[in-house]
Amino acid sequence: AQSVAQPEDQVNVAEGNPLTVKCTYSVSGNPYLFWYVQYPNRGLQFLLKYITGDNLVKGSYGFEAEFNKSQTSFHLKKPSALVSDSALYFCAVRDRMDSNYQLIWGAGTKLIIKP
Amino acid sequence: ETGVTQSPTHLIKTRGQQVTLRCSSQSGHNTVSWYQQALGQGPQFIFQYYREEENGRGNFPPRFSGLQFPNYSSELNVNALELDDSALYLCASSLALAAYNEQFFGPGTRLTVL
């Protein structure tokens, strides 16, 4: 079965420090990979995606993510965290051969940035 | 550019009733997806519409149905409501039918079934 795992329910980081939010996946084919962020009382917002090519992709608000095919991971990173980065982060995967176009989501990781 | 809008914001129904949720896609987007997000969980894919036809469906029973209109707006209908249907329902639109396209989400409709 296809699945996405975000092993940490919560990640705590001091402002100015680097942050990493982890994501691993199990998809039968080659995946498209996405990160979304959800702020309180607001909808999900797209951050970045991996389609093909360079394993390091850059996205909105200074975030980036590294695709590792051998480890089936797509970890979200940022060199220097801001308090405003505090939110709920979701990793999502779509098998590019899935005719159902189903997007499989992780359970989310709550990121808390402390001043 | 108008973003994705959903109505109503909140809804309270009783078990066995029927509900219709509405979504207006972002300008220029012809593909709409619906998701159910239970508290503390990630979204679960319900189905996707492209050019007024359902072209993808997740693991949801037939009492979850939908429509897409010529202006690409969409409805989600749920019949015979159950307590477990209580959740945040999210609508998302994307530009064209392509698996690599990102989706743009509305703020959601919070459905409570009593």
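Look up: the structure comes first, before these words.
Residues numbered from 1 in each chain as written. Chains lettered and ligands numbered in written order. Predicted model: local features only at pLDDT ≥ 70, side-chain atom pairs only at ≥ 80, totals over all residues. Heavy atoms only, no water.

A.B. asks: I'd like a rundown of the interface of chain A and chain B, residues and numbers included.
C.D. replies: If you look at the interface, chain A gives 19 residues, while chain B gives 24 residues. Together chain A and chain B conceal approximately 1800 Å² of surface at their shared face, both sides included; 55% is due to carbon and sulfur atoms. For the chain A face of the interface with chain B, the top three residues by lost area are Leu44, Tyr101 and Trp105 of chain A, together amounting to 30%. Counting every contact that joins chain A to chain B gives five residue pairs in polar contact (both at pLDDT 80 or more). Residue contributions to the side of chain A that touches chain B peak at four residues, all from strand S5 (residues 31-38) of chain A. (Contact = heavy atoms within 4.5 Å. Buried area = accessible area lost by both parts, 1.4 Å probe. Polar contact = N/O pair within 3.5 Å; in protein donor to acceptor, adjacent residues only side chain to side chain. Helix = DSSP H or I, 4+ residues; strand = E, 2+ residues; numbered from the N terminus.)

A.B. asks: Break down the layout of surface pockets for me, citing the residues and quoting the values.
C.D. replies: Quantified by volume, the largest pocket comes out at close to 570 Å³. Considering the residues around the largest pocket, the lining is formed by 24 residues, among which Gln38 and Asn41 of chain A together with Gln37, Leu88 and Arg110 of chain B are closest to the centre. Counting residues per element, the ones that place at least two in the lining of the largest pocket are strand S10 (87-95) and strand S12 (109-114) of chain A. It is S10 of chain A that provides the largest number of residues to the lining of the largest pocket, a total of three residues. Of the residues that constitute the lining of the largest pocket, the class distribution is eleven nonpolar, ten polar and three charged. (1 Å grid on protein atoms, 1.4 Å probe; cavity = no way out; pocket = protein on both sides within 12 Å on 5 of 7 lines; lining within 4 Å. Points joined across faces, edges and corners; volume = space filled by probe spheres on them. Nonpolar A, V, L, I, M, F, W, Y, C, P; charged D, E, K, R; others polar.)

A.B. asks: A description of the packing of aromatic side chains should follow, citing residues and the corresponding values.
C.D. replies: Using the criterion set out here, one finds 14 aromatic pairs over all chains in the structure. With a centroid separation of 4.2 Å and an interplanar angle of 25°, the aromatic rings of Tyr50 of chain A and Phe67 of chain A are classed as stacked. One end of the pair, Tyr50 of chain A, is in strand S6 (residues 44-50); the other, Phe67 of chain A, is in strand S8 (residues 64-68), and 17 residues separate them in sequence. Each of the two residues, Tyr50 of chain A as well as Phe67 of chain A, counts as buried. Here Phe47 of chain B and Tyr49 of chain B contribute two aromatic rings whose centre-to-centre distance is 5.4 Å and whose plane-to-plane angle is 90°, an arrangement assigned as edge-to-face. Both residues of the pair, Phe47 of chain B and Tyr49 of chain B, count as buried. (Phe/Tyr/Trp six-rings, centres within 6.5 Å; stacked < 30°, edge-to-face > 60°. Buried < 20%, exposed > 50% of the residue type's maximum accessible area, 1.4 Å probe, protein only.)

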